[in-house]
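Spelled out from the first residue to the last, the chains are:
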Amino acid sequence: MTTSLRGIGWAAALCGALSGCGDDGRTDSAGLTMTGGPTTGTGAPTGTETAPTGTETAPTSTSEGGGSESASEATTAAESTTTGEPTTGSTSETTGGAVCPADCEAKGGVCIGAECCPDEDHACGEVCCPQGDICSFNACVTPGDACIDASECADEEYCEYSLGEPAMMGGDEMCMGGIVPATGKCLPAPPKCLEGEDPGDPPTCLASCQYIPGAGQFTPSVKYHWDAGTVMMTPIVVQLDDDNCDSIVDERDIPEIAFTTFVGGVYQDNGTIRVISIVGGEIVEKWSYNAGMVDPIAPGRELAGADIDGLPGNELVACSSSGKTRAFTGDGQPLWTSTYSGACNFVSIADLDQDGKPEILVPGAVLDGATGATKLMLGVGGHNMAADLDVDGQLDIVYSRGAFNAAGGVLATTGLEGTYPAIADLDLDGKPEVAVISNANSMTVPHHLLLWRHDPQAMGGAQILRAGIDINGALSPELCPEGSAGNLRGGGPPTIADFNGDGTPDVAVAGGVGYAVFDGKKLMDPNVADADTFMWIKQTRDCSSASTGSSVFDFDGDGSAEVVYSDEIRLRVYRGSDGEELWSTCNTTGTLQEYPVIADVDSDGHADIVAVSNNYSGITCDGTKQTGVRIFGDSEGQWVRTRRVWNQHAYHVTNTEEGGKIPAIEPTNWLTPGLNNYRQNVQPEGEFAAPDLIVDLRLACEPDPYGLVGRVRNIGEASVPAGVPVHFFEGDPNDGGVLLGSGLTTKVLYPAEAEDVTLLLPNAPPAVLDGSSVVWVVVDDAMPMHAWHECRVDNNSASGTGKCPLPG
């Protein structure tokens, strides 16, 4: 029998976990997991329990909708003699055959033919698994190595926590949770059902699980607001500490949001790096750093984050006001300061030589990621970024006016002006184009889009495709005051995405007086005049710098990207196909080259918008000023999933893994299905993948106190956040059942993972103890409402007896 938290063995009670009964007629489909925080009958936590020790199993529970039979039902279902009288305890269909012992089920066993399998852990369809094996997806398997995270298991395995030790307080001081992490055993990952394949009962595979929100009203609202300083740079999102205490900093941790602040309107000197995170629905300030007088941080310049030193965890890289580059550990300790002093403004991180040790790209140089030492002097180059421009399998260093190969050799020189580049394959020929914005005080291209690509046969190694399209279109520069930046020039970092859903990437750019999107097909057609390449343009106002950027994301998953852009007055979201303004809100900023970013910053399974603002200038919006960092989410929880990372200003999905690791060999963005974009975030693996929770009723029988256990398992395709409610009832909750108590899951549950939530009942109702009342367990009743969605909600309950098996 399944015992209390003090007595659950690693092989305990697999009826509902590995081969037994799930809800809605389905089984709980994979191995056992750690037990969550137990609660009393009133729902109050009772503290941490000791490691599992028992090996007994629970009685089989029946499921809502008449799922699996209990062992007793199985035994009594067999007919005995020709008179039709049942023979108690017999599973033989004839009077002459061998029979299962009459007391098998009463002692917690399971009859399989004439054999009494010692417990439900080993009962696996028509066989009884040998000692040491467990039943997973109707197959006997041998648990593998101990693990604290799936990263310690082999490919196609996951870490099943109930096969090890539960979490305990008093862990590593560096662990943000302050606990010893739960351990488990590696098990084979559940097989995926083929299209149209019936998973069966018990399931032998996991079926597709998707939730498609559909288009609706675009209704963002502020979820979190950090308002303790002024910000005028692009925030980044990256994991910096071990939140879940598994001794690994990866995508399973809660991401941090890093940015710099300034005071008194001094946005180029004496900045403070700040790192915050969303923990338990609240903003937590992790750390801050101010250098004082020695190489102070330039608060108006950009940050980058990644694992740059080869040691566990990620680091931050920043620019100092003296032009040097500085690196910091994930907990805010200075790591190195470069001796190279250039015009550090943008920082990009990439592994140029593919040795597993990333480099830092800054204007005019390449630095060693681990030490900050100068590896290459480039002489020229502005906002450098990495891309395989010549398609030779190795990254190159691309800037607005040309490119170098990884060794520093000149690859291309355009001879044109330019400031900000972005890279994608606009004509879908497998080779990239470089979209460049020129916003210098030039008489010829002061606010223009240029387009070129590498061609070793062309002069300078660069073929010029568009020599300068006025990004203002029909909008007059006089919309900004004479002499202002927006009047004289304009154009920020370009964004590349499929805005109209035609399968071809388009180019978008913000200027001083408008936001414009250019049709990618028309840009690549030499027969289309410059003025006719516009898809749409909308009037905005950024007269202060005229060089802000933007980001894009397909929030409703319809295949057409939405634009997220903040000028000096308002934060706006435009429909990508035609520029219709879907939403806006006041968001004042003096503007540099910052832009909002999109990431799942609170790990709730939905995209968030992270936008910065400041109130140091005379800019107002409807008589108001905003400041700090605001995080917006959809008030109806309809936005689709996205990655939990946006690690640098030159962000493109393939430049970083979700956990912050820089790939040694970066996948080619424009050749990766679903990408071919720049400064756009996307959904990780499965655009509409969703969780699917089932629950199985277990019993905590020995030692005292008695309790009920709800084993919650995620059989969906996406993770589900911690904090899912589990309720226990005496009687059917849909027919007047009495609530006995509730608990919450305590960890993120990834596909196949499960967690036991225990309700201790030292004074359980007699009818529950003797089995005369039916006990029900319900998971995720959507009260309160939450942002994530299951792919189905008709399988979230189970019922059974509360009577413990006889000892022995």
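Since we're looking at a predicted model, the values are computed, not measured. (Residues numbered from 1 in each chain as written. Predicted model: local features only at pLDDT ≥ 70, side-chain atom pairs only at ≥ 80, totals over all residues. Heavy atoms only, no water.)

Asker: Give a description of unusual backbone geometry that names residues and reports values.
Answerer: The phi dihedral of N676 is positive, around 60 degrees, even though this residue is not glycine. Mapped onto the elements, N676 comes out in the loop between β44 (628-634) and β45 (693-700). With phi around 60 degrees, R679 is a residue other than glycine that occupies positive phi space. With respect to the secondary-structure elements, R679 resides in the loop between β44 and β45. With relative accessibility at 2%, the residue R679 sits in the buried group. (Helix = DSSP H or I, 4+ residues; strand = E, 2+ residues; numbered from the N terminus. Buried < 20%, exposed > 50% of the residue type's maximum accessible area, 1.4 Å probe, protein only.)

Asker: Describe in detail the sheet that holds strand β26 (residues 385-387), supporting the description with residues and values.
Answerer: Judged by pairing direction, the sheet is antiparallel, and its four strands sit side by side in the order β26-β27-β28-β29 without closing on themselves. Looking at the sheet topology across the chains shown, the edges are occupied by β26 and β29 (410-413). Within this sheet the neighbouring strands show an average axis-to-axis angle of 25 degrees, counted without direction. Here three bridges tie β26 to strand β27 (residues 396-399), and the two strands are oriented antiparallel to one another. Bridge pairing in β27 places A387 opposite D396. (Pairing = 2+ DSSP bridges. Axes fitted to C-alpha atoms, helices over the stretch in contact; angles between N-to-C directions.)

Asker: Tell me about the pattern of salt bridges, residues and numbers included.
Answerer: Throughout the structure, instances matching the rule amount to 23 salt bridges. Among the salt bridges present, the one from K223 reaches D602, with a minimum N-O distance of 2.8 Å. Taken together, the positions of K223 in strand β13 (residues 220-226) and D602 in the loop between β42 (597-599) and β43 (608-613) put the pair 379 residues apart, joining distant regions of the chain. Using a relative accessible area of 30% as the deciding quantity, one classes K223 as partly exposed. Put simply, E753 and R252 hold a salt bridge, and the shortest N to O gap is 3.0 Å. Of this pair, E753 sits in the loop between β48 (738-744) and β49 (754-760) while R252 sits in the loop between β14 (236-238) and β15 (256-261), and the two are 501 residues apart along the sequence. Across the pair, exposure class does not vary: E753 and R252 are buried alike. Through salt bridges that share partners, K223, D602, D604 and D608 make up one connected network. (Salt bridge = Lys/Arg side-chain N within 4 Å of Asp/Glu carboxyl O.)

Asker: Residues and numbers for the sheet that holds strand β23 (residues 359-362), please.
Answerer: Pairing is antiparallel across the open sheet formed by four strands, whose spatial order is β22-β23-β24-β25. Only two strands of the sheet have a single neighbouring strand rather than two, namely β22 (348-350) and β25 (374-377). Mean inter-strand twist for the sheet, computed between neighbouring axes without regard to direction, equals 25 degrees. Across four bridges, β23 lies against strand β24 (residues 365-368) in antiparallel orientation.

Asker: Mind laying out the packing of aromatic side chains, listing which residues take part and the relevant values?
Answerer: Tallying each qualifying case throughout the model produces 19 aromatic pairs. Measuring from ring centre to ring centre gives 6.0 Å for Y515 and Y574, while their planes differ by 25 degrees; the resulting arrangement is stacked. Separated by 59 residues along the polypeptide, Y515 in strand β36 (residues 514-518) and Y574 in strand β40 (residues 570-574) bring together distant segments of the chain. Ring centres 5.4 Å apart and planes at 70 degrees place the aromatic pair W583 and F632 in the edge-to-face group. A residue pair is termed long-range when its members are at least 10 positions apart, and W583 in strand β41 (residues 581-586) and F632 in strand β44 qualify at 49 residues. Both residues of the pair, W583 and F632, count as buried. For the cation-ring pair, R252 lies above Y750, with the distance from its terminal atom to the ring centre recorded as 3.9 Å. (Phe/Tyr/Trp six-rings, centres within 6.5 Å; stacked < 30°, edge-to-face > 60°. Lys NZ or Arg CZ within 6 Å of the ring centre and 35° of its normal.)

Asker: Please provide a residue-by-residue account of the state of the cysteines, values included.
Answerer: Evaluation of the coordinates by the stated rule reveals 11 disulfides. The disulfide bridge from C117 ends at C128, spanning 2.0 Å between sulfur atoms. Sign of the S-S torsion, about 80 degrees for the bond between C117 and C128, identifies this disulfide as right-handed. Note that C117 is positioned in strand β3 (residues 115-117) and C128 in strand β5 (residues 127-128), a separation of 11 residues in sequence. You can call C117 buried: its relative accessible area is 0%. Classification of C128 by relative accessible area gives buried; the value is 19%. (Disulfide = S-S within 2.5 Å.)

Asker: Go over the pairing of β23, please, and point to the residues and values.
Answerer: Of the two faces of β23, the one carrying E359 and L361 and the one carrying I360 and V362 are both buried. Where β22 meets β23, three bridges bridge the pair, whose relative direction is antiparallel. Bridge pairing in β23 places I349 opposite I360. Two successive antiparallel strands, β23 and β24, enclose a turn made up of two residues, where G364 displays a positive phi of approximately 90 degrees.

Asker: Describe the side chain of D309, naming the residues involved and giving the relevant values.
Answerer: Secondary-structure assignment places D309 in the loop between β18 (304-306) and β19 (315-319). Summary of buried charges: D309 has no salt-bridge partner, and the nearest side chain of opposite charge, K661, is 9.7 Å away. Setting aside its immediate chain neighbours within four residues, D309 contacts E315, L335 and A370. (Lys, Arg positive; Asp, Glu negative; His and termini not counted. Contact = heavy atoms within 4.5 Å.)

Asker: Mind laying out the nonpolar core, listing which residues take part and the relevant values?
Answerer: Proteins that are soluble and globular tend to have nonpolar side chains buried together. In terms of nonpolar packing, the biggest core is built from 52 residues, with I257, F259, L316, F555, I598, V601 and I609 touching the most fellow members. Ignoring sequence-local partners within four residues, the contact set of L316 consists of I236, V238, L240, A258, I273, V275, W287, A304, G305, R326, A327 and F328. Within the second largest apolar cluster, 33 residues are counted, among which are A435, W452, I496 and F518. (Core = buried A, V, L, I, M, F, W, Y, C linked by side-chain atoms within 4.5 Å.)

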